[in-house]
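# A structural walkthrough
The primary structure of each chain is shown beneath.
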Amino acid sequence: MKIQAAISASAKAPFEIAEVELDDPRADEVLVRLSAVGVCHSDLTMKAVWPEAISPIVLGHEGAGVVAAVGADVSGVRPGDHVVLSYRSCGSCPQCASGHPPYCRDFRTLNGIGSRPDGSPTMRRNGSPLYGSYFGQSSFASHALAYESNVVVVGEEIDLGVAAPLGCGVQTGAGTVLNVLAPPPEASLVVFGAGGVGLSAVMAASASAVGTVIAVDPVPSRRQLATELGASATIDPAGVDVVDEVRRLTGAGATHAIDTTAKGAVINQAVEALAPLGTLALVGIHVPEFALNIQSVMSGGKTVRGVIEGDAVPHDLIPRLVALHHDGRLPIEKLIRRYEFSDIDAAFADVASGKTVKPVLDLTSG
Ligand SMILES: NC(=O)c1ccc[n+]([C@@H]2O[C@H](COP(=O)([O-])OP(=O)(O)OC[C@H]3O[C@@H](n4cnc5c(N)ncnc54)[C@H](O)[C@@H]3O)[C@@H](O)[C@H]2O)c1
Ligand SMILES: [Zn+2]
Ligand SMILES: [Zn+2]
């Protein structure tokens with residue numbers, strides 16, 4: 001079928017929205033008419049580093065829409081279902097079988113090669129292949145081909161333009177708090193970077209009644225938003241020694257920390273700001289090589305661990321997050337600014353500059 005898609009031909013080129021041909025769904029595929037898609041910082045990183053050899057690509061991995069058709073083997077969703085799209089997993093490797101699909105053996109093949117795992121493209125433009133299976137969705141488009149493992153039914157109550165970021169950014173920040181760190185009420189959590197992921201962590205910590213939640217970000221409007229969402233304190237890293245300030249606010253240091261900045265210097269601040277036996281979750285991706293402060297990790301018995309997609313099973317966590325949103329405890333809309341599909345370049349620029357936390361593109365406007 002003919003669809004509209006935002007094509008990324010190279011790192012520097014602006015997006016080009018054009019008509020492309022999308023395959024009919026295969027037996028294991030779900031055709032989704034997309035309503036909205038969030039922009040995650042990972043889309044910016046991927047646009048910048050995506051190999052020319054597997055370009056042009058259609059990015060986008062926070063799609064939300066309505067199921068239009070399903071392949072013969074699909075039983076979990078039906079046409080008409082309102083769905084959020086997330087990441088794919090195989091369902092049977094040791095990590096999937098033990099409830100940790102973000103570390104799926106086949107994660108890269110299923111999400112990061114731009115085509116189906118067998119190498120076939122899902123999209124074509126004027127007969128030439130386009131890479132249209134990014135995160136099993138490529139949702140900077142009017143329609144997506146997705147799979148049961150990454151299609152989550154969310155019901156008709158939640159606005160799909162609010163639900164879209166649940167598929168990655170919100171799931172990642174909230175899941176890191178709820179699934180991985182699980183800080184108790186007496187804990188102190190420092191979130192480095194108050195963007196889409198960091199503020200989702202702040203919301204989840206606030207919903208879990210964590211006593212001390214500190215957000216660190218150089219952008220004043222983001223610190224302000226962190227306070228509105230429940231942070232008990234914020235720190236401008238430009239103004240103070242961040243480690244001293246965390247110690248001043250917590251006494252012995254933070255029991256838990258999250259890095260969403262992907263900056264080595266900030267990761268070392270986070271390590272040093274931890275109390276003995278504290279845990280740091282690394283969430284920011286594409287961290288340049290740097291020397292981790294091993295001495296601080298060793299002498300404090302600290303834990304530094306990586307977290308992908310909040311260690312979440314999307315079919316479990318996303319409905320829980322929808323319920324929290326329904327109860328007013330996860331006000332995702334406060335992070336969102338809406339853009340027409342044709343303004344995708346502006347949406348990317350506004351994430352890069354810090355102007356917008358979470359752009360959501362209206363895909364019905366293309
Ligand atoms: N691990 C995963 O599964 C996963 C999933 C989604 C996103 N990500 C990654 O998480 C990161 C955050 O994504 P996002 O969408 O929230 O991005 P974002 O750009 O909205 O947030 C990053 C924030 O860091 C802040 N920052 C910059 N320098 C800082 C400093 N010195 N101290 C404190 N804060 C500083 C920025 O002002 C910004 O608010 C990105 O690297 C993204 O690719 C990872
Ligand atoms: Zn797997
Ligand atoms: Zn993402």
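Parameters and conventions
- Residues numbered from 1 in each chain as written.
- Chains lettered and ligands numbered in written order.
- Predicted model: local features only at pLDDT ≥ 70, side-chain atom pairs only at ≥ 80, totals over all residues.
- Heavy atoms only, no water.
- Donors = N, O, S within 2.8 Å, 3.2 Å for Na, K, Ca; no water.
- Helix = DSSP H or I, 4+ residues; strand = E, 2+ residues; numbered from the N terminus.
- Buried < 20%, exposed > 50% of the residue type's maximum accessible area, 1.4 Å probe, protein only.
- Tetrahedral: all angles 85-135°; square planar, octahedral: opposite > 155°, others 65-115°.
- Near = heavy atom within 4 Å.
- Polar contact = N/O pair within 3.5 Å; in protein donor to acceptor, adjacent residues only side chain to side chain.
- Areas by Shrake-Rupley, 256 points an atom, 1.4 Å probe, with all protein chains shown as cover.
- Nonpolar A, V, L, I, M, F, W, Y, C, P; charged D, E, K, R; others polar.
- Core = buried A, V, L, I, M, F, W, Y, C linked by side-chain atoms within 4.5 Å.
- Contact = heavy atoms within 4.5 Å.
- Pairing = 2+ DSSP bridges.
- Axes fitted to C-alpha atoms, helices over the stretch in contact; angles between N-to-C directions.
- Phe/Tyr/Trp six-rings, centres within 6.5 Å; stacked < 30°, edge-to-face > 60°.
- Lys NZ or Arg CZ within 6 Å of the ring centre and 35° of its normal.
- 1 Å grid on protein atoms, 1.4 Å probe; cavity = no way out; pocket = protein on both sides within 12 Å on 5 of 7 lines; lining within 4 Å.
- Points joined across faces, edges and corners; volume = space filled by probe spheres on them.

Within the first shell, the zinc ion (ligand 3) binds the protein through C40 (SG), H61 (NE2) and C168 (SG), at distances of 2.0 to 2.3 Å. The sequence pattern describing where the donors of the zinc ion (ligand 3) fall on their chain is C-x20-H-x106-C. Taken together, the residues C40 in the loop between β3 (29–38) and α1 (41–49) and H61 in the loop between α1 and β4 (63–70) connect sequence positions 21 residues apart. Of the two residues, C40 and H61, both sit in the buried class.

Looking now at the coordination of the zinc ion (ligand 2). Taken together, C90 (SG), C93 (SG), C96 (SG) and C104 (SG) make up the full set of protein donors to the zinc ion (ligand 2), lying 2.3 to 2.4 Å away. Classification of the site at the zinc ion (ligand 2) rests on its four donor atoms, whose angles at the metal span 104 to 117°, yielding the label tetrahedral. One chain supplies every donor for the zinc ion (ligand 2), spaced along it as C-x2-C-x2-C-x7-C. One end of the pair, C90, is in the loop between β5 (82–85) and α2 (94–97); the other, C104, is in the loop between α2 and α3 (107–111), and 14 residues separate them in sequence. Residue class for C90 comes out partly exposed when judged on its relative accessible area of 27%. A relative accessible area of 5% means that C104 is categorised as buried.

Time to look at the site of ligand 1. Ligand 1 sits among 26 residues. The nearest are H41, S42, D217, R222 and E309. G196 places a main-chain nitrogen or oxygen 3.1 Å from an oxygen atom of ligand 1. Contact between ligand 1 and I285: an oxygen atom at 3.1 Å from a main-chain N or O atom of the residue. Summarising the interface, the protein chains cover 89% of the accessible area of ligand 1, which totals 870 Å² for the free molecule. Among the secondary structure elements, those contributing two or more residues to the shell around ligand 1 are α1 and α6 (196–207). In the shell around ligand 1, the residues fall into 13 nonpolar, nine polar and four charged.

Judged by nonpolar contacts, the single largest core of 51 residues is most densely connected at L166, L199, I258, L321 and L330. Of all the secondary structure elements, the ones that give two or more residues to this core are α4 (160–163), α5 (169–181), β10 (188–192), α6, β11 (212–216), α7 (220–228) and α11 (314–326). Counting residues per element, this core draws most heavily on α6, at eight residues. Contact partners of L166, with chain neighbours within four places excluded, come to V84, I158, Q171, I318, L321, V322, L330 and I332. Core analysis: the next-biggest nonpolar cluster, separate from the first, contains 49 residues, L22, V39, L44 and F348 among them.

Let's shift gears to the sheet that holds strand β7 (residues 128–130). The strands making up a sheet are joined through hydrogen bonds of the backbone, oriented either antiparallel or parallel. Here four strands make up an open sheet; going across it, the order is β1-β2-β6-β7 and the pairing antiparallel. Only two strands of the sheet have a single partner each, and these edge strands are β1 (2–7) and β7. Mean inter-strand twist for the sheet, computed between neighbouring axes without regard to direction, equals 50°. Alignment of strand β6 (residues 123–125) against β7, held across three bridges, turns out to be antiparallel. Along β7, the bridge assignment pairs M123 with L130.

Here the structure, examined in full by the defined rule, presents seven aromatic pairs. Taking 5.8 Å as the distance between ring centres and 70° as the angle between the ring planes, the aromatic pair formed by F140 and F348 counts as edge-to-face. Taken together, the residues F140 in the loop between β7 and β8 (143–147) and F348 in helix α12 (residues 344–353) connect sequence positions 208 residues apart. For the pair formed by F140 and F348, the shared burial category is buried. Every member of this aromatic cluster is reached through a ring pair, and the members are W50, Y87, F107, Y134 and F135. For the cation-ring pair, R88 lies above Y147, with the distance from its terminal atom to the ring centre recorded as 3.4 Å.

A few words on the side chain of Q137. With respect to the helices and strands, Q137 occurs in the loop between β7 and β8. Under the relative-accessibility criterion, Q137 is labelled buried at 0%. A distance of 2.8 Å separates a polar side-chain atom of Q137 from the backbone oxygen of S86. Within polar-contact distance, the side chain of Q137 engages the side chain of S139 at 2.8 Å.

Reading across the sheet, the six strands line up as β12-β11-β10-β13-β14-β15 and stay open at both edges, with parallel pairing between neighbours. Every interior strand has two partners, whereas the edge strands, β12 (233–235) and β15 (303–306), have only one. In this sheet, adjacent strand axes meet at a mean angle of 20° when their direction is disregarded. Where β11 and β12 come together, three bridges link them in parallel fashion.

All chains considered together, the criterion is met by one cavity of 30 Å³ or more. If you add up the space inside the largest cavity, you get close to 30 Å³. Looking at the largest cavity, the residues that line it are S8, A9, S10, A11, K47, W50, E52, S55 and I57. Residue classes in the lining of the largest cavity are distributed as four nonpolar, three polar and two charged.

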